[in-house]
Amino acid sequence: MSLTLQVLVSGLAAGAVYGLVAIALILVYRLTGIVYFAFGDLVGLAVFTALLVAAGTGPVTQTNVGAARFLLAVAVGVAVCVGTSAGAYWLAVHPHVARGSVVGWVAATVAIAYAVRTSIDVFFTRPSYVFPDPIPFREIGRGGFVGVGGASIQVRAFFVIAVGVALALLATLVLQRSKLGRGLRAIESDIEGAAFSGIPVNRLIVAAFGLTGGLAAVAAVVAAPSASFGVDTGSLLGVKALLAALVVGFSSPLAGFVAGLGVGVVEAAIANLHVAGLELGPAYHEVLPIAFVLVFVAVRALATERGAALRET
């Protein structure tokens, strides 16, 4: 029971980040019809930019970064992610979307991801880095862990879950109640009608790319001190968020967030639990989500082709 509770909380903490990135992926897909494959790497760029501002590329401890510098680092990291996400879409992806070139936008998003990872590699050459933690969770309980139901759970996990849920609700509220949200919903429903009625379609889509990138970046930076962060971490985060978006069929941002929570819990269970006498272990918790994405995409494509063939007959 205690291990199950520990897996549940840690899985929800990781899943909150996956869910927020899934919100970004779903919103972008519903506005433009594209899957922004570079989102995970852009989130990684935000984390490493914040780390560069906070502590450079050298070793980091929990005491060598002040609160003011940390807040500046977070602000710069999020701003870089927002600017890069919006700018990369407008300069590299939008021309292909406007021409209806699927191969073009797929190649563009993959190229953006590669460029971002290459840029990170220039400054950060070690396999992984520890992100500074300005909040003294380590002073709570026993070194940052508390006992709940017989399980030893990291206090920061509750904080990450709370921030993730708050950001997801904020994003939903903005989409439902704000002028920006009404404009985005109009574009989603009928892009040509929205443009005809005077809505600045291109400007709002670029803004959505930037803001969703910032939303995901905040979540990733908040969660980064929980474990070491490597150059590949952002890419893996993007794949798991894509899995969550695929599970709900890119139906709604809030459904994507809930699916992200589920992905996090399943991932934690794979790494830690025995199911029917089978123990997969940590080595599989990264591989299986990627494999599932590939199988899911292949099955859906096959189902779509069969449906089209049946309609023709």
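Q: Is there a simple way to think about the overall build of the protein chain in this case?
A: Regarding its fold elements, the protein chain presents 11 helices and 6 strands. When each of the 313 residues of the protein chain is scored for burial, the buried share is 44%. Partitioning the intrachain contacts of the protein chain with sequence separation of at least 6 by distance along the chain shows that 75% fall at a separation of at least 24. As displayed, the protein chain has an accessible area near 15100 Å², and 68% of this comes from carbon and sulfur atoms.

Q: How should I be thinking about the environment of Leu31 in this particular structure?
A: By secondary structure assignment, the location of Leu31 is in helix 1 (residues 2-32). Through-space distance from the C-alpha of Leu31 to that of Leu184 is 7.3 Å; in sequence the pair is 153 residues apart. Beyond its immediate chain neighbours, meaning those up to four positions away, Leu31 contacts Leu184, Ile187, Glu188, Ile205 and Ala208.

Q: What should I look at first to understand the nonpolar core in this one?
A: Most often, soluble globular proteins keep nonpolar side chains buried together rather than apart. Within the largest apolar cluster, 88 residues are counted, with the highest numbers of intra-cluster contacts made by Leu20, Tyr36, Phe48, Tyr89, Val93 and Phe131. Counting residues per element, this core draws most heavily on helix 1, which supplies 15 residues. Residues within four places of Tyr89 in sequence aside, it is in contact with Thr32, Ile34, Tyr36, His94, Pro95, Ile205, Val206 and Phe209.

Q: For this particular structure, what's the right way to read unusual backbone geometry?
A: Backbone geometry follows two general trends: most residues other than glycine have a negative phi, and most peptide bonds adopt the trans configuration. One non-glycine residue, Phe250, adopts positive backbone phi at about 55 degrees. As for its position among the elements, Phe250 is in the loop between helix 9 (233-247) and helix 10 (253-272).

Q: Sorry if this is basic, but what is going on with a nonpolar patch on the surface here?
A: Judged by side-chain polarity, Leu170, Leu173 and Val174 come together as a nonpolar surface patch covering roughly 230 Å² of accessible area. Mapped onto the secondary structure, Leu170 falls in helix 5 (residues 155-177).

Q: For this particular structure, what's the right way to read helix 10?
A: Residues spaced three or four apart along an α-helix point in a common direction, a consequence of the helix completing one turn every 3.6 residues. Over its 20 residues, helix 10 runs 29 Å from end to end, which matches the ideal 28 Å to within 8%, given 1.5 Å per residue. Within the span of helix 10, buried status applies to Pro253, Gly256, Phe257, Ala259, Gly260, Leu261, Val263, Gly264, Glu267, Ala268, Ile270 and Ala271.

Q: Just to check I follow, could you spell out the environment of Phe292 for this structure?
A: With respect to the element layout, Phe292 can be found in helix 11 (residues 287-312). Judged by relative accessible area, which is 40%, Phe292 ranks as partly exposed. Between the C-alpha atoms of Phe292 and Lys240, which are 52 residues apart in sequence, the distance is 9.6 Å. Excluding anything up to four places from it in sequence, Phe292 contacts Leu243 and Val247.

Q: I keep staring at the packing of aromatic side chains and nothing clicks. Help me out?
A: Within the structure shown, the criterion is met by 7 aromatic pairs. Summarising the aromatic geometry, the rings of Tyr36 and Phe209 are spaced 4.9 Å apart at their centres and angled 75 degrees between planes, so their arrangement reads as edge-to-face. Of this pair, Tyr36 sits in the loop between helix 1 and helix 2 (39-55) while Phe209 is found in helix 8 (residues 201-223), placing the two residues 173 residues apart along the sequence. These aromatic residues form a ring-pair network of at least three members: Tyr36, Phe39, Tyr89 and Phe209.

Q: What exactly am I supposed to notice about helix 2 here?
A: Compared with an ideal rise of 1.5 Å per residue, which puts 17 residues at 24 Å, helix 2 spans 24 Å between its outermost C-alpha atoms and is within 8% of the ideal. Among the 17 residues of helix 2, 14 are classified as buried, and the element is accordingly described as predominantly covered. After helix 2 finishes, the residue Gly56 shows a positive phi value of roughly 70 degrees.

Q: Just checking my understanding: could you explain the pattern of salt bridges for this structure?
A: Opposite charge on two side chains permits pairing when their charged atoms draw close. Summed over the entire model, instances satisfying the criterion amount to 4 salt bridges. Arg117 is paired through a salt bridge with Asp41; the nearest N and O atoms lie 3.9 Å apart. Taken together, the residues Arg117 in helix 4 (residues 102-123) and Asp41 in helix 2 connect sequence positions 76 residues apart. A relative accessible area of 30% places Arg117 in the partly exposed class.

Q: How do you make sense of the packing of helix 5 against helix 8 when you look at a structure like this?
A: The description of two helices packed together rests on the angle between their axes and the distance between the axes. At a minimum axis distance of 10 Å, the contact between helix 5 and helix 8 shows a crossing angle of 170 degrees. It follows that helix 5 is roughly antiparallel to helix 8 by the angle criterion. Of the residues in helix 8, those touching helix 5 at Arg156, Phe159, Val160, Val163, Leu167 and Ala171 are Leu215, Val218, Ala219, Val222 and Ala223. Of the residues that constitute the contact of helix 5 with helix 8, the class distribution is 10 nonpolar, no polar and 1 charged.

Q: Even after reading the chapter, I still don't get the packing of helix 2 against helix 9, so can you show me in this structure?
A: Contact pair helix 2 / helix 9: the axes reach a minimum separation of 7 Å and the direction vectors enclose 140 degrees. Comparing the axis directions of helix 2 and helix 9 gives the class oblique. Between helix 2 and helix 9 the crossing geometry is right-handed. In contact with Gly40, Asp41 and Gly44 of helix 2, helix 9 contributes Gly234, Ser235 and Gly238. Tallied by class, residues from the contact of helix 2 with helix 9 come to no nonpolar, 5 polar and 1 charged.

About the criteria used
- Residues numbered from 1 in each chain as written.
- Predicted model: local features only at pLDDT ≥ 70, side-chain atom pairs only at ≥ 80, totals over all residues.
- Heavy atoms only, no water.
- Helix = DSSP H or I, 4+ residues; strand = E, 2+ residues; numbered from the N terminus.
- Buried < 20%, exposed > 50% of the residue type's maximum accessible area, 1.4 Å probe, protein only.
- Contact = heavy atoms within 4.5 Å.
- Areas by Shrake-Rupley, 256 points an atom, 1.4 Å probe, with all protein chains shown as cover.
- Core = buried A, V, L, I, M, F, W, Y, C linked by side-chain atoms within 4.5 Å.
- Patch = residues over 30% accessible without salt bridge, like charges linked within 9 Å, V, L, I, M, F, W, Y side chains within 5 Å.
- Salt bridge = Lys/Arg side-chain N within 4 Å of Asp/Glu carboxyl O.
- Expected span 1.5 Å × (residues − 1).
- Phe/Tyr/Trp six-rings, centres within 6.5 Å; stacked < 30°, edge-to-face > 60°.
- Axes fitted to C-alpha atoms, helices over the stretch in contact; angles between N-to-C directions.
- Parallel < 35°, antiparallel > 145°, perpendicular 65-115°, else oblique.
- Nonpolar A, V, L, I, M, F, W, Y, C, P; charged D, E, K, R; others polar.
- Left-handed = near helix turned anticlockwise from the far one by under 90°.

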